[in-house]
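Single-letter residue listing:
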Protein chains: 2
Amino acid sequence: MGDVELEVAGAEPVRRRGPETRAQILRVAMQLFTDKGFEATTTRDIANALGMNQSSLYYHFKSKDAIVTSLVEQRRHDLDEFVSWIRAQPRAPGLLRTAALRWLDQTTPEHLHAMRLALANPTVQQRLVGSDLDVRSAFDTVVDLFVDPETPDTEQLLVRMVFDTVSAALLSAHGTAASADAVLAAAREASIALTERLEPHRATHRQS
Amino acid sequence: MGDVELEVAGAEPVRRRGPETRAQILRVAMQLFTDKGFEATTTRDIANALGMNQSSLYYHFKSKDAIVTSLVEQRRHDLDEFVSWIRAQPRAPGLLRTAALRWLDQTTPEHLHAMRLALANPTVQQRLVGSDLDVRSAFDTVVDLFVDPETPDTEQLLVRMVFDTVSAALLSAHGTAASADAVLAAAREASIALTERLEPHRATHRQS
DNA sequence: GTCTATAGGTTGATAGAC
DNA sequence: GTCTATCAACCTATAGAC
């Protein structure tokens, strides 16, 4: 394989490493895991990108798994906050769109990185199913707010898709020159279009 | 890791293997690559699922890579057919939706399997970029029919998303009990909702 | 904190008998 | 066609010096 030794930090192998080596490892690992995938990225790759020895990583993390895990934790935390917020909202017509748009508004560039990482590593996510870091299970509770057991499967799925428009946009944008802003704007349009279909009775008043 | 030795064929390790061993290998490999990912699936996994020896695979395929490659080829072929069809269509208003729905109509269960495989193995797809089997490049030519260089990035991305609704639906459906039909129905709804936004002047006449 | 050295375990692939 | 045997390569992780 043409292993082209991806440039990671923007600079050469990081020469001067600040006091927060741990954070730098995470930054580099995030990039490599996203570009080459978790399994295809070796601990040597990460260490080399930082100009350090492979074994030195193990002073900061107890295993390769602990590195991804740490990366996922942050994302799971943000998600939990969103879930709390939405559970606290009164159920009102139009809440689906309101919630979806809020989810989009609070999506930072870091969130986008995290989503790219998740998209690039489905196996890692799958391995975390059932654990504290299971991302999908958090969304389940959100979806349940808008759906009851009698709701047709197709509609249940559409509700999920409303909250997954950012991932969908990232998927379609992959390999193109689309900016982060374009991705978010497209996701917003998609969320609006989908909710329009799920909550057609609108366009009149907006709740404060 | 709790390697639970996934049941693949529905039956125990395939006892009687027909004359088309090659096809069986492909079937099993498709399933394993989708469930565990290409890198995490060993040639031993594949062989065991078929009740044969690891080295025997190399009589039918020259390498592990050749197995995935063969899997991707079929999908690329179907895509090319769709591209030819759409290029032959006259450009008319509403073509975007017409094309998207046709794309959905011709989506067979096998296509869904192939898309699941692709979603589960982003790294494999990336490795194929630029080659004959690059799937995304085929879509580029489709998207170009509906977009010119001056089109805003956001709209370009939305057009891509119109053709990616099946992948998006599969992504959201992952881990749920949604059937293939529900996935396709949701994808259809999404395509309609998105094209409604991109081609708002409709709902009047439909071209024959 | 970072290094050298190395253990211990897999993995993809080949050689050759049957 | 399938098997046994085997290998070289590579990877994660640990031990211990500095």
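Refer to the structure printed above.
Residues numbered from 1 in each chain as written. Chains lettered and ligands numbered in written order. Predicted model: local features only at pLDDT ≥ 70, side-chain atom pairs only at ≥ 80, totals over all residues. Heavy atoms only, no water.

Q: For the protein's contact with DNA strand C, give the residues involved together with the corresponding values.
A: N53, S55 and S56 of chain A together with Y58 and K64 of chain B are the nearest of the 16 residues found near DNA strand C. By atom count, sugar and phosphate contribute 51% of the portion of DNA strand C lying within 4 Å of the protein. The backbone of N53 of chain A places a nitrogen or oxygen atom 2.5 Å from a phosphate oxygen of DNA strand C. In this structure, a phosphate oxygen belonging to DNA strand C sits 3.0 Å away from a main-chain N or O atom of T43 of chain B. Broken down by secondary-structure element, the contributors of at least two residues to the surface near DNA strand C are helix 3 (57-60) of chain A together with helix 2 (43-49) of chain B. Per-class residue counts for the surface near DNA strand C are three nonpolar, 10 polar and three charged. (Near = heavy atom within 4 Å. Polar contact = N/O pair within 3.5 Å; in protein donor to acceptor, adjacent residues only side chain to side chain. Helix = DSSP H or I, 4+ residues; strand = E, 2+ residues; numbered from the N terminus. Nonpolar A, V, L, I, M, F, W, Y, C, P; charged D, E, K, R; others polar.)

Q: Can you tell me about the protein's contact with DNA strand D, naming the residues and giving the values?
A: Taken together, 18 residues surround DNA strand D, and among them R44 and Y58 of chain A together with N53, S55 and S56 of chain B come closest. Here the atoms of DNA strand D within 4 Å of the protein split so that 57% fall in sugar or phosphate, with bases taking the remainder. A distance of 2.7 Å separates a base oxygen of DNA strand D from a polar atom in the side chain of S55 of chain B. Contributions of two or more residues to the surface near DNA strand D are made by helix 2 (43-49) of chain A together with helix 3 (57-60) of chain B. Residue composition of the surface near DNA strand D, by class: three nonpolar, 11 polar and four charged.

Q: Outline the nonpolar core, listing residues and values.
A: Formed by 90 residues in total, the largest nonpolar core has its most connected members in F146 and F163 of chain A together with F146 and F163 of chain B. Beyond its immediate sequence surroundings of up to four residues, F163 of chain A is in contact with F82, L96, A99, A100, W103, F139, V142 and F146 of chain A. (Core = buried A, V, L, I, M, F, W, Y, C linked by side-chain atoms within 4.5 Å. Buried < 20%, exposed > 50% of the residue type's maximum accessible area, 1.4 Å probe, protein only. Contact = heavy atoms within 4.5 Å.)

Q: Can you lay out the relation of the copies chain A and chain B for me, pointing to particular residues and giving the numbers?
A: The transformation that overlays chain A on chain B combines an axial shift of 0.0 Å with a rotation of 180°, and the residual RMSD is 0.1 Å. Look at the turn and shift together and you get a two-fold axis relating the two. Of the residues that chain A buries at the interface, 100% are likewise interface residues in chain B, meaning the two copies contact each other through the same surface. (Least-squares fit on C-alpha atoms with pLDDT ≥ 70 in both.)

Q: Kindly report on empty space enclosed by the protein, identifying the contributing residues and their values.
A: If you walk through the whole model with that rule in mind, you get six cavities of 30 Å³ or more. Here the largest cavity is characterised by a volume of approximately 140 Å³. As for the largest cavity, its lining consists of 14 residues, of which M161, T165 and A168 of chain A together with M161 and A168 of chain B are closest to the centre. Listing elements by their share of the lining of the largest cavity, those giving two or more residues are helix 10 (165-173) and helix 11 (180-198) of chain A together with helix 10 (165-173) and helix 11 (180-198) of chain B. In terms of residue class, the lining of the largest cavity is built from eight nonpolar, four polar and two charged. Taken together, V68, L71, V72, R75, A114, L117, A118, N121, V124, Q125, L128 and V135 of chain A make up the lining of the second largest cavity. Sorting the residues of the lining of the second largest cavity by element identifies helix 4 (64-88), helix 6 (109-120) and helix 7 (122-127) of chain A as the ones contributing at least two each. It is helix 4 of chain A that contributes the most residues to the lining of the second largest cavity, four residues altogether. Of the residues assigned to the lining of the second largest cavity, the class counts are nine nonpolar, two polar and one charged. (1 Å grid on protein atoms, 1.4 Å probe; cavity = no way out; pocket = protein on both sides within 12 Å on 5 of 7 lines; lining within 4 Å. Points joined across faces, edges and corners; volume = space filled by probe spheres on them.)

Q: Would you mind going over the pattern of salt bridges in detail, with residue names and values included?
A: The tally for this structure, following the rule as stated, stands at 16 salt bridges over all chains. Note that R97 of chain A is salt-bridged to E196 of chain A, the shortest N-O span being 2.8 Å. Taken together, the positions of R97 of chain A in helix 5 (residues 95-105) and E196 of chain A in helix 11 put the pair 99 residues apart, joining distant regions of the chain. The exposure class of R97 of chain A is buried, given its relative accessible area of 12%. According to the relative accessible area criterion, E196 of chain A is partly exposed, its value standing at 36%. Note that E189 of chain B is salt-bridged to R197 of chain A, the shortest N-O span being 2.5 Å. You can see E189 of chain B sitting in helix 11 and its partner R197 of chain A sitting in helix 11, one on each of two chains. Residue E189 of chain B is classed as partly exposed on the basis of its relative accessible area of 25%. (Salt bridge = Lys/Arg side-chain N within 4 Å of Asp/Glu carboxyl O.)

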